[in-house]
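Here's the letter readout for the chains.
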Amino acid sequence: MAEPRLTIPALLARVAREFGRDTYVVTPTERLTYEQAEQRSAHVARWLLSQGVGKGVRVGLFFPNGVEWVVWWLAVSRIGALAVPVSTMYTAAELSKVLRLADIGLLVGPCRVLDIDVAERFEDALTGLSSQRAGRLALLGAPYLRSIVLTGDSGRQWATSWDDEAAASVPQEVLAAIEAEVSPADLAVMIHTSGSTADPKGVLHTHGTLVRQTSTWPS
């Protein structure tokens with residue numbers, strides 16, 4: 001019997017197949033099964049591919065704890081991109097520093113987190129953002145950042161909009177082929193330290209490391 005592949009897409013496929021209707025995530029407002037997580041993250045992954053995001057691209061995830069964070073994290077991981085969780089508690093100055101130090105290429109978030117207007121927070125963190133155009137960002141403070149996606153309607157000209165048709169333009173078979181190219185040695189996530197005594201440091205973890213630590217997902 002072949003050993004299971006130690007990657008996040010392979011682990012997700014296995015648990016969706018074996019525990020599909022079991023609950024994976026519960027929040028005060030939502031409940032997500034393994035099967036739903038697989039399906040929803042596949043849709044987001046195909047959209048990311050339509051935007052040119054692929055292996056090694058650093059994707060900042062500015063979400064609070066919840067279903068949306070899980071779906072986007074899985075989607076990023078499925079295509080071999082590097083997920084970079086970005087704390088919603090960061091001040092504008094802290095956010096600016098982490099986006100630059102982490103070499104974020106794509107930043108994703110909702111329009112609002114509690115009382116935080118996310119578009120305003122991004123504009124405060126990134127000098128000159130308000131005059132930029134979606135998909136063509138060129139910012140001195142975050143030179144690798146090319147796109148910012150807000151999952152709701154912000155009305156900002158610099159924000160890339162979600163497009164269901166773009167996701168549908170990438171066949172499921174292409175996603176499957178890309179998932180097969182993800183290896184246990186590929187980087188999966190960058191977790192920043194608290195930065196209590198110095199600037200936050202990005203700590204890198206591979207797919208193999210994460211799967212070994214989370215292979216007991218089903219309980």
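Report on the accompanying structure. The numbers attached to residues start from 1 for each chain and follow its sequence in the written order. With pLDDT at 70 or above as the cut-off, local features in this predicted model cover only qualifying residues; side-chain atom pairs require 80 or more to be listed or tallied, and sums for whole chains, interfaces and linings still use all residues. With hydrogens and water stripped out, all remaining heavy atoms of the structure feed into the side-chain values.

Points about helix H2 (residues 34-50)
The way it works is that DSSP assigns letters per residue, a run of H or I at least four long becomes a helix, a run of E at least two long becomes a strand, and they are numbered from the N terminus. Expected span of a helix: the number of residues minus one, times 1.5 Å. Here H2 spans 24 Å end to end across 17 residues, near enough to the 24 Å set by a 1.5 Å rise per residue. Burial classes: relative accessible area under 20% of the type maximum marks a residue as buried, over 50% as exposed, and values in between as partly exposed (1.4 Å probe, protein chains only). For H2, the set of buried residues is Tyr34, Ala37, Ser41, Ala42, Val44, Ala45, Arg46, Trp47, Leu48 and Leu49. Remark: Gly52 follows H2 within two positions and exhibits a positive phi of approximately 85°.

Focus on the environment of Pro143
Looking at the secondary structure, you find Pro143 in the loop between helix H5 (118-125) and strand E8 (147-150). What makes Pro143 partly exposed here is its relative accessible area of 42%. Here the alpha-carbon distance between Pro143 and Ala37, two residues 106 residues apart in the chain, equals 33 Å.

Re unusual backbone geometry
The residue Asp103 is not glycine, and still its phi comes out positive at about 55°. Its place among the elements puts Asp103 in the loop between helix H4 (92-101) and strand E5 (106-109). For Leu114, which is not glycine, the phi torsion reads 55° and is therefore positive. Within the secondary structure layout, Leu114 lies in the loop between strand E6 (112-113) and strand E7 (116-117).

Details of the nonpolar core
Buried residues of nine kinds, namely Ala, Val, Leu, Ile, Met, Phe, Trp, Tyr and Cys, make up a nonpolar core once their side-chain atoms join them within 4.5 Å. Leu48, Val59, Leu61, Trp72, Ile79 and Val108 are the most contacted members of the largest nonpolar core, which has 40 residues in total. Broken down by secondary-structure element, the contributors of at least two residues to this core are helix H1 (8-19), H2, strand E3 (58-61), helix H3 (67-78), E5, helix H6 (164-168), strand E10 (187-192) and helix H8 (207-214). When sequence neighbours within four positions are dropped, the list of residues in contact with Val59 reads Val53, Val76, Ala81, Leu82, Ala83, Val84, Ile104, Leu106 and Val108. Whether two residues touch is decided by their heavy atoms; if any such pair falls within 4.5 Å, the residues are in contact.

Section: the environment of Arg5
Structurally, Arg5 is set in the segment before H1. Residue classification places Arg5 among the partly exposed residues on the basis of a relative accessible area of 40%. Separated by 191 residues in sequence, Arg5 and Ser196 place their C-alpha atoms 37 Å apart. Once you skip the residues sitting within four places of it in the chain, Arg5 turns out to touch Ala10, Ala180, Glu181, Val182 and Ser183. We call two N or O atoms a polar contact when they sit within 3.5 Å, provided that within protein one can donate a hydrogen and the other can accept it, with sequence-adjacent residues counted only if both atoms are side-chain atoms. Within the structure, the side chain of Arg5 is placed 2.6 Å from the backbone oxygen of Val182, a separation counted as a polar contact.

Quick notes on the pattern of salt bridges
Any carboxyl oxygen of Asp or Glu within 4 Å of a side-chain nitrogen of Lys or Arg constitutes a salt bridge here. Under the defined criterion, the tally for this structure stands at seven salt bridges. Between Glu38 and Arg78 there is a salt bridge; the shortest N-O distance is 2.9 Å. Residue Glu38 is located in helix H2, and its partner Arg78 is located in helix H3; the two are separated by 40 residues in the primary sequence. Looking at Arg78, the relative accessible area reads 3%, which means it is buried. Close ionic contact of Arg156 with Glu123 constitutes a salt bridge, the shortest N to O distance being 2.8 Å. Here Arg156, found in the loop between E8 and strand E9 (159-160), pairs with Glu123, found in helix H5; they are 33 residues apart in sequence, far enough to count as distant. Look at Glu123 and you get partly exposed, because its relative accessible area is 24%. Three or more residues joined by partner-sharing salt bridges are found here, namely Glu38, Arg78 and Glu179.

What about the pairing of E8?
Of the two faces of E8, both are covered, the one formed by Ser147 and Val149 as well as the one formed by Ile148 and Leu150. Two strands qualify as a pair provided DSSP detects at least 2 bridges between them. Direction of pairing for E5 relative to E8: parallel, over a ladder of four bridges. Each bridged residue has a counterpart across the sheet, and for Gly109 the counterpart in E8 is Leu150. Note: E8 against E9, two bridges, orientation parallel. Residue pairing across strands places Ile148 opposite Ala159, the latter belonging to E9.

Quick word on the packing of H1 against H3
To obtain each axis, a line is fitted to C-alpha atoms, and for helices this fit is confined to the stretch in contact; angles are then taken between N-to-C directions over 0 to 180 degrees. Where H1 contacts H3, the axes come no closer than 8 Å and their chain directions differ by 120°. Considered as vectors, H1 and H3 are oriented oblique to each other. Residue-level inspection shows Ile8, Pro9 and Leu12 of H1 in contact with H3, the latter providing Trp73, Leu74, Ser77 and Arg78. Throughout this description, any angle smaller than 35 degrees is read as roughly parallel, any larger than 145 degrees as roughly antiparallel, any in the 65 to 115 degree range as roughly perpendicular, and the remainder as oblique.

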